[in-house]
Amino acid sequence: MVSNKMNAQKLAYEYIQERMLDGTYKGGMKLVEERLAEEIGVSRTPIREAIKRLEQEGLIKNKHIYSPSAQDLIYIYEMRIVLESFAAKRAAKNMTTEKLIELENTIKQSRNSLMEGQSKKIYTANQRFHELIIHECQNPLMIERLEKAQTIFYLFSLKLDIFNRPHLIDEHEEIYNAIKNKNEQLAGELMTKHLYKDMNFTLEIIGRKGQY
């Protein structure tokens, strides 16, 4: 039994999230605290706290694994398109040299991970790329809204493996160059096109699979 409270909560959170990612816990499944506590080897308190955190992130609703419909994902994308295009324009205006280097590094990491066939590493680099740009909007309300949407989006995008979409990394590089060159209008337009392509690709995969 894990004793440290913070470690136990982290373990429970990561355990549940990982099983949502690998499909062990499917959409609609009810989470039972007693069963999870026994399965993970912790008390019910960290399980309860982990579930609460996942509920705040929008991944669990009423102790059931959230399974967004295709329409839900469209709504998420529509919000991302509006807010992230604005954030990309702000990034072109305000991003520091230090952050630009970090943004470029996410592209290098993505390319290396693609060559190695590491989808999860591409996912991590992709998530960081968008996070860096989102935070440049410097609007706490927008950042909070986007981060919650991103959590739902990335979880299900990883399950659908959309990070192997053709030209995704090239599009990141184009956005990076527009931001680096301080071309606000182009950065916003490229981000809009990028997210529309993501959305269409995601919906195409869902259409083929018929489910998540």
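For the structure itself, consult the block above.
Trainee: An account of the overall build of the chain is requested, with residue identities and associated values reported.
Mentor: Helix and strand counts for the chain stand at nine helices and two strands. For the chain, whose C-alpha radius of gyration is 18 Å, the value lies close to the compact-globule estimate of 17 Å for 212 residues. Put simply, the chain has 212 residues, and 45% of those count as buried. A separation threshold of at least 6 residues defines the contact pool for the chain, and within that pool the share at least 24 residues apart is 76%. Accessible area of the chain: about 11300 Å², with a carbon and sulfur share of 49%. Looking at charge distribution, the chain has the averaged site of its 32 positive side-chain charges lying 3 Å from that of its 30 negative ones.

Trainee: Describe the packing of helix α2 (residues 33-40) against helix α3 (residues 44-56), with residues and values.
Mentor: One way to put it is that α2 packs onto α3 with a least axis distance of 9 Å and a crossing angle of 110 degrees. Judged on the interaxial angle alone, α3 and α2 are roughly perpendicular. When the axes of α2 and α3 are compared, the crossing they make is right-handed. Of the residues in α3, those touching α2 at E33, E34, L36, A37 and I40 are R44, I47, R48 and I51.

Trainee: Tell me what's going on with the packing of helix α5 (residues 97-116) against helix α6 (residues 119-134), and back it up with residues and numbers.
Mentor: Running from N to C, α5 and α6 point in directions that differ by 160 degrees, and their axes come no closer than 8 Å. In this view, α5 runs roughly antiparallel relative to α6, as classed from their interaxial angle. Taken as a pair, α5 and α6 cross one another with a handedness that is left-handed. Along the contact surface, α5 presents K99, E102, L103, T106, I107, Q109, S110, S113, L114 and E116, while α6 presents K121, I122, A125, N126, R128, F129, L132 and I133. Residue composition of the contact of α5 with α6, grouped by class: eight nonpolar, five polar and five charged.

Here is what the cut-offs are and how they apply
Residues numbered from 1 in each chain as written. Predicted model: local features only at pLDDT ≥ 70, side-chain atom pairs only at ≥ 80, totals over all residues. Heavy atoms only, no water. Helix = DSSP H or I, 4+ residues; strand = E, 2+ residues; numbered from the N terminus. Rg over C-alpha atoms; globule rule 2.2 N^0.38 Å. Buried < 20%, exposed > 50% of the residue type's maximum accessible area, 1.4 Å probe, protein only. Contact = heavy atoms within 4.5 Å. Areas by Shrake-Rupley, 256 points an atom, 1.4 Å probe, with all protein chains shown as cover. Lys, Arg positive; Asp, Glu negative; His and termini not counted. Charge placed at Lys NZ, Arg CZ, Asp CG, Glu CD. Axes fitted to C-alpha atoms, helices over the stretch in contact; angles between N-to-C directions. Parallel < 35°, antiparallel > 145°, perpendicular 65-115°, else oblique. Left-handed = near helix turned anticlockwise from the far one by under 90°. Nonpolar A, V, L, I, M, F, W, Y, C, P; charged D, E, K, R; others polar.

Nothing here speaks to function; it is all geometry.
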